[in-house]
Amino acid sequence: MHLTKQEERILAGEEGHGKQKAMELVVALGDIYGAKRLIPIASAQISGASFKTIGDAGIKFLEDFSGEAKVSVRASLNPLGLDERRWRTMGIDRAFFDKQARIISAFQSMGVELLYTCTPYLAGNRPTRGQHVAWAESSATVFANSYLGARTNREGGPSALASAIVGKTAEYGLHLDENRRPRVRINIDEIPEGLVPLAGYMVGRLAGKRVPLMSCPPMSADQHKSFGAAMAATGAVSMYVCRDRRGRDASGKDGIEECVTIEKSELLDCAEGLKGDDEWDLIAIGCPHCSPVELRSMSKFLKARRPNKKSDVWFCTSRKAFASCPREIAVLRKFGKVLCDTCMVVAPIENSYKRTASDSGKAMVYLPTLGKQKASFRPTRQLLEAISR
Amino acid sequence: MSSTPMSFLGGVDPSTGRVVDPESDANGESISDSVFCFPFGKGSTVGSYAMYQLKVNGRAPSAIVNDSAEPIIATGAIIADIPMVDGVDVTLVRAGDEVFVDADEGFVELPELTEQHVVTSIVRSRGKLLLLRRSNKVGSYRGQWAGVSGFIEPHEEDRMAARRELAEEVMIENPRFIRRIDPIRFRDKRMVWCVHPFLVEVKDPEIKTDWEHDCYRWITPREVSDYRTVPGLRQVIDKLLGA
């Protein structure tokens, strides 16, 4: 890989040990993927913020590293294992809180913006078309690539942090035009109501490592958010090309190797397969974090109804969206907890719950593994009906 | 040495440095202060942090050798300052081998092993392949079935060696080489055979053998597995015919 004199200097440790480590990491990954050079990034999104996911090993690394390095571009942080203000209501113990607090202060001292959300693009860190970024949250990378037209690979937590420190990433993968071209075309003529996340779930499996060209009914921004999140959870690719977002990308039809159709009946079968139980300890909505639009539409539906409490209910959102919708939050709070900074995937829900229902395709992948839950998929509307009368 | 992919999160106990992955043949072994060889990494990205933890606990391996580096292991090796080399065929390494790692230059040496370059020509006629049984007079693999094989002499090119062996062993002059593939390495005790494979086509299935073989057969590619062959012969044939 070709490095500039300035990059060589950093690699040689002339700008300190922390920057050197970060540069080593960025360069090593570039070498693995055959990058020719480094390119500047507009922002970073750093994952691995919950104590539950990174553990004592992660704390140790972040604390040691935080004394030596600072981010040089805008860098925001993924959700934590708890709501910073309402963690007690989540059944989180003091020990977990204390460890989480150490992670936060390590990131803070490195200059990371404490947004605590998987939807940084709804909380102020929103790249524009063509911008190169180094994002680590899988659902956010797919949104950035596919909806916003920005360019990022699916970074790991440490590599996103390293990129934020040196302000650069290696130019490979989805930073390059040739890798953004779709290689499989996926037709979906009709998506039943509420099953957009499962369309993403199925597309991820079909596409594997290939960028899919989606031919499907137009989707709202929020539908893109849930579709992409599920796709990135079941698949290894962080981008799709969609007809209604065609203008966002130069990719054409050339290079399509395969055409697949997902029938409506297959989506219904998928929903049936992920149905799970009819009784739940927890109903969790907001993976990825609910947008203001989603908070509004849920509160509109629930406004005229009364709570029907059979299980705990979580609405997970970003602090930013929470602050922008006080009236909606007031409605939702009658039906459950509105939690910020965290979600059902990275919070230690296994300590309190065993069976969780969600409207998220991504959560169907992570609840059974990371969360040790019996997971049940239901469309948003059905969950709202279940928690209200 | 693990012949299966490794995750450092859950796959290695950070306080003891022991492998705790039932799927790994290194399960129960300590990797502390050893050169740890495995094909590549798997599992959660938190595995990088787990490698750092291992280092902080003083239980890290002294080096990591991989078939192919993937981001989780590479990241962990960098943040934990563990020397790492990739692009090494770790199937040639056995637990307990002495391994010399130079991560700056990016190479690995196994000083206890000897590497020997040999040619193996697979002769084909009318779709059938020639197998020869090694006689009791040869130095190695007596009674086992092989292609037309022999050492590559110093300063000899492999194709020349193949030509010479074909002439000596089965009296094929002016062989028609159909295909050659990159050398394939096999480990047998302290020896690494670096086999240079060739595919040769002859019209006439009548051949004459010399003292090195006591009989020969023409077989279909499928029948190879019915014979007790020298190490790696099947792989050589599969690769030659599949190429």
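Remember, it's a predicted structure, so these values are computed and weren't measured experimentally.

Novice: Explain the environment of T234 of chain A to me, please; I cannot follow it from the model alone.
Specialist: Residues and elements named next belong to chain A. Structurally, T234 is set in helix α8 (residues 221–234). Once the C-alpha coordinates of T234 and G204 are considered, the two residues, 30 residues apart in sequence, prove to be 4.9 Å apart. In this view, T234 contacts Y201, G204, R205 and V365; residues no more than four positions away in its chain are not counted.

Novice: Can you walk me through the sheet that holds strand β2 (residues 43–46) of chain A in this structure?
Specialist: Remark on secondary structure: sheet strands pair via backbone hydrogen bonds, oriented parallel or antiparallel. All names here are of chain A. If you trace the three strands from one edge of the open sheet to the other, you get β3-β2-β4, paired in parallel fashion. Where the open sheet ends on each side, the last strands, each with one partner, are β3 (74–77) and β4 (134–135). Bridge count for β2 against β4 is two bridges, and the pairing is parallel. Residue pairing across strands places A44 opposite A134, the latter belonging to β4.

Novice: What am I meant to see in the domain arrangement of chain B here?
Specialist: Interface extent is often summarised as the accessible area lost during association of the parts. Taken domain by domain, chain B holds domain 1 (1–112) and domain 2 (114–242). Of note, the centres of domain 1 of chain B and domain 2 of chain B, computed from C-alpha atoms alone, are 36 Å apart.

Novice: Where do I start with unusual backbone geometry in this structure?
Specialist: Most peptide bonds adopt trans geometry, and most residues besides glycine take a negative phi value. C287 of chain A connects to P288 of chain A through a cis peptide bond whose omega is -5°. Looking at the element boundaries, P288 of chain A is found in strand β10 (residues 282–290). A positive phi is found at N174 of chain B, a non-glycine position, where the angle reads about 45°. Positionally, N174 of chain B belongs in the loop between α3 (158–170) and β10 (176–180).

Novice: Just to check I follow, could you spell out the interface of chain A and chain B for this structure?
Specialist: Opposite the 19 residues of chain A that make contact, chain B presents 16 residues. Among the secondary structure elements, those contributing two or more residues to the side of chain A that touches chain B are α2 (17–32), α3 (51–66) and α6 (157–166) of chain A. Looking at which element gives the most residues to the side of chain A that touches chain B, the answer is α3 of chain A, with eight residues. Taken together, the residues of the side of chain A that touches chain B break down into eight nonpolar, seven polar and four charged.

Novice: Please clarify how the nonpolar core should be interpreted in this entry.
Specialist: Here is a general trend for soluble globular proteins: nonpolar side chains tend to be buried in one another's company. Of all hydrophobic cores here, the largest spans 170 residues; its most connected members are V26, A44, I46, A199 and M344 of chain A together with V65 of chain B. With residues up to four places along the chain from it excluded, the contact list for V26 of chain A reads L38, A162, S163, V166, K168, T169 and A170 of chain A.

Novice: So what exactly am I meant to see when it comes to the domain arrangement of chain A here?
Specialist: Residue and element names in this part refer to chain A. Domain assignment breaks chain A into domain 1 (5–175), domain 2 (178–272) and domain 3 (275–386). A straight line from the C-alpha centre of domain 1 to that of domain 3 covers 26 Å. On the domain 3 side, the residues contacting the 23 residues of domain 1 number 19 residues. Classifying every residue of the side of domain 1 that touches domain 3 gives ten nonpolar, nine polar and four charged.

Novice: Quick question: what am I supposed to make of the sheet that holds strand β9 (residues 258–261) of chain A here?
Specialist: Residues and elements named next belong to chain A. Taking strand neighbours across the sheet as the criterion, the four strands line up as β8-β7-β6-β9 in an open arrangement whose pairing is parallel. For this open sheet the edge positions go to β8 (241–242) and β9, each flanked by a neighbour on one side alone. Packing against the sheet, helix α7 (residues 196–207) makes contact with β6 (184–187), β7 (212–215) and β9, and its axis sits at approximately 150° to β6.

Novice: Just to check I follow, could you spell out the packing of α3 of chain A against helix α4 (residues 94–109) of chain A for this structure?
Specialist: Packed helices, taken two at a time, are described by the angle their axes make and the gap between the axes. Residues and elements named next belong to chain A. The geometry of α3 relative to α4 is characterised by a closest axis approach of 9 Å and an angle of 40° between their N-to-C directions. Judged on the interaxial angle alone, α4 and α3 are oblique. Handedness of the α3/α4 crossing: left-handed. Here F51, I59, L62, E63 and S66 of α3 lie close against α4, whose contacting residues are F96, K99, Q100, R102, I103, A106, F107 and S109. Tallied by class, residues from the contact of α3 with α4 come to seven nonpolar, three polar and three charged.

The rules behind each value
Residues numbered from 1 in each chain as written. Chains lettered and ligands numbered in written order. Predicted model: local features only at pLDDT ≥ 70, side-chain atom pairs only at ≥ 80, totals over all residues. Helix = DSSP H or I, 4+ residues; strand = E, 2+ residues; numbered from the N terminus. Contact = placed C-beta atoms within 7 Å. Pairing = 2+ DSSP bridges. Domains from an automatic or database assignment. Nonpolar A, V, L, I, M, F, W, Y, C, P; charged D, E, K, R; others polar. Core = buried A, V, L, I, M, F, W, Y, C linked by C-beta atoms within 7 Å. Buried ≥ 20, exposed ≤ 12 C-beta atoms within 10 Å, placed from the backbone. Axes fitted to C-alpha atoms, helices over the stretch in contact; angles between N-to-C directions. Parallel < 35°, antiparallel > 145°, perpendicular 65-115°, else oblique. Left-handed = near helix turned anticlockwise from the far one by under 90°.

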